[in-house]
Amino acid sequence: MCYGQQGLPLRHPLPTTRYAPLSMSSTRTVAQLGEVRLIQRLRKQLGPGAKASSVLVGIGDDTAVLRWTAKEHLLFASDMLVENVHFRRERVRPRWIGWKALARNVSDVAAMGGLPRHAVVSLGLPPHTSVRFADEVYAGLWRCARRFGLAIVGGDTVRAPVVVVDVAILGTVRPAHLVLRSGARVGDEVFVTGRLGGSLASGRHATFMPRVQQAQWLVRHLKVHAMMDLSDGLASDLWQMSRASRVTFRIRAADIPVSRAACPPRDSRGRRGRQAVWHALMDGEDFELVCVVPARAANRVPRMIGRVPVTAIGDVVARGAGVELVGTDGRIRPLIPEGFKHF
Ligand SMILES: [Mg+2]
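Residues numbered from 1 in each chain as written. Predicted model: local features only at pLDDT ≥ 70, side-chain atom pairs only at ≥ 80, totals over all residues. Heavy atoms only, no water.

### Comments concerning the packing of aromatic side chains
Right, on to step 1. Summed over the entire model, instances satisfying the criterion amount to four aromatic pairs.
Right, on to step 2. Geometrically, the ring pair formed by Phe208 and Phe287 is stacked, given 4.1 Å between the ring centres and 15° between the ring planes. Highlighted residues: Phe208 in the loop between helix 6 (204–207) and helix 7 (212–221) and Phe287 in the loop between helix 9 (276–282) and strand 10 (289–293), separated in sequence by 79 residues. The same class applies to Phe208 and to Phe287, which are both buried. (Phe/Tyr/Trp six-rings, centres within 6.5 Å; stacked < 30°, edge-to-face > 60°. Helix = DSSP H or I, 4+ residues; strand = E, 2+ residues; numbered from the N terminus. Buried < 20%, exposed > 50% of the residue type's maximum accessible area, 1.4 Å probe, protein only.)

What follows is the structure, encoded as structure tokens:
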């Protein structure tokens, strides 16, 4: 703990030197900067430490990839869950808060072609939280850990103004199975697992099953060129992959597998909201996989892996970052992401 009840520092004052000076105006807020530029800025300040010889992949993919042994690389990532940002306490059972916190991290490891091994969990709780609530959160964490064969080996507990569950995860991946976001090439085909959209409305954002089995099947049987898990929404995540691979995706609206929960109910006046396919493209937290395989391997992608559908949704059509959508009317338009933004 670093701050007392009145917000006064207790023991460890921050050092005043050694940090790279910030060149931009200090009055600008992170909201004005935006999440993407904030990460770019932090990345620049990290300096040469982030490029050590043991680092195969640093910031910018689902996990970092670290050199470990000749047979295995380490995958290393963290992901934080914050009350009223990622869940509302009155709408999600505490057990599912625990599940979601760990499952998001497992999903990131799966998207690299790896297997989750160890995690540490830091829990922030308001002082008035019931012990039962904390027990239930841990029950969800254990359940997810058991399901995916990983060990929770430590962590921290702190007082916090809202519930926070922060997980850091270690996984392993055989070098031959490692898949990054940056490997998509012109001519490749794009697939997605499961059905998309309506994850928040249906509660699936907390109860989802990370696609470890599906990712493992794909990397063991095919040469997968690129893969990532869908956390910000298909449109937004495809943009990230297109930037990493420097290619343009062309996605067919008619082929996107739409979840039943993405179909918006009529409002009290009987009006429909956005189309279901809009939700499938823009809603976040599906935690499905999007994967890109060479055209010659596309017919070897099964329609189902372990009861989860795998659907071809488009192609890589050109060099240079971009995402296009072929509408049901056949017209091609640029696909502009409208997914969840933190800032
Ligand atoms: Mg991810």
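### Points about a positive patch on the surface
Right, on to step 1. On the surface, a cluster of positive charge is made up of Arg185, Lys223, Arg296 and Arg300.
Right, on to step 2. With respect to the helices and strands, Arg185 occurs in the loop between strand 6 (164–173) and strand 7 (189–193). (Patch = residues over 30% accessible without salt bridge, like charges linked within 9 Å, V, L, I, M, F, W, Y side chains within 5 Å. Areas by Shrake-Rupley, 256 points an atom, 1.4 Å probe, with all protein chains shown as cover. Salt bridge = Lys/Arg side-chain N within 4 Å of Asp/Glu carboxyl O. Lys, Arg positive; Asp, Glu negative; His and termini not counted. Charge placed at Lys NZ, Arg CZ, Asp CG, Glu CD.)

### Quick word on the coordination of the magnesium ion
Right, on to step 1. The protein atoms donating to the magnesium ion are Asp62 (OD), Asp108 (OD) and Asp229 (OD), with metal-donor distances spanning 2.0 to 2.1 Å.
Right, on to step 2. The sequence motif formed by the donor residues of the magnesium ion is D-x45-D-x120-D. Residue Asp62 is found in the loop between strand 1 (55–57) and strand 2 (64–66), and its partner Asp108 is found in helix 3 (residues 94–111); the two are separated by 46 residues along the sequence. Side by side, Asp62 and Asp108 carry an identical accessibility label, which is buried. (Donors = N, O, S within 2.8 Å, 3.2 Å for Na, K, Ca; no water.)

### Focus on the environment of Val85
Right, on to step 1. Looking at the element boundaries, Val85 is found in the loop between strand 3 (73–82) and helix 3.
Right, on to step 2. Linking Val85 and Val164, residues 79 residues apart in sequence, is a C-alpha distance of 10.0 Å.

### Some words on the pairing of strand 4 (residues 115–125)
Right, on to step 1. Bridge analysis of strand 4 against strand 6 gives nine bridges, and the strand direction is antiparallel. Among the inter-strand pairings, Leu123 is bridged to a residue of strand 6, identified as Val165.
Right, on to step 2. Across eight bridges, strand 4 lies against strand 5 (residues 151–159) in parallel orientation. Within strand 5, the residue paired with Ser122 across the bridge is Asp156.
Right, on to step 3. Read from strand 4 through helix 4 (residues 131–147) to strand 5, the crossover connection turns out right-handed. (Pairing = 2+ DSSP bridges. Right-handed = clockwise from strand over helix to strand, strands pointing away.)

### A look at helix 8 (residues 234–245)
Right, on to step 1. With twelve residues, helix 8 extends 16 Å from end C-alpha to end C-alpha; this agrees with the ideal 16 Å at 1.5 Å per step.
Right, on to step 2. The buried fraction of helix 8 is high, at nine of twelve residues.
Right, on to step 3. Those residues of helix 8 lying buried are Leu234, Ala235, Ser236, Asp237, Leu238, Trp239, Met241, Ser242 and Ser245.
Right, on to step 4. Once helix 8 ends, the next one or two residues include Arg246, with phi positive near 55°. (Expected span 1.5 Å × (residues − 1).)

Remember that the coordinates give geometry; whether it matters functionally is a separate question.
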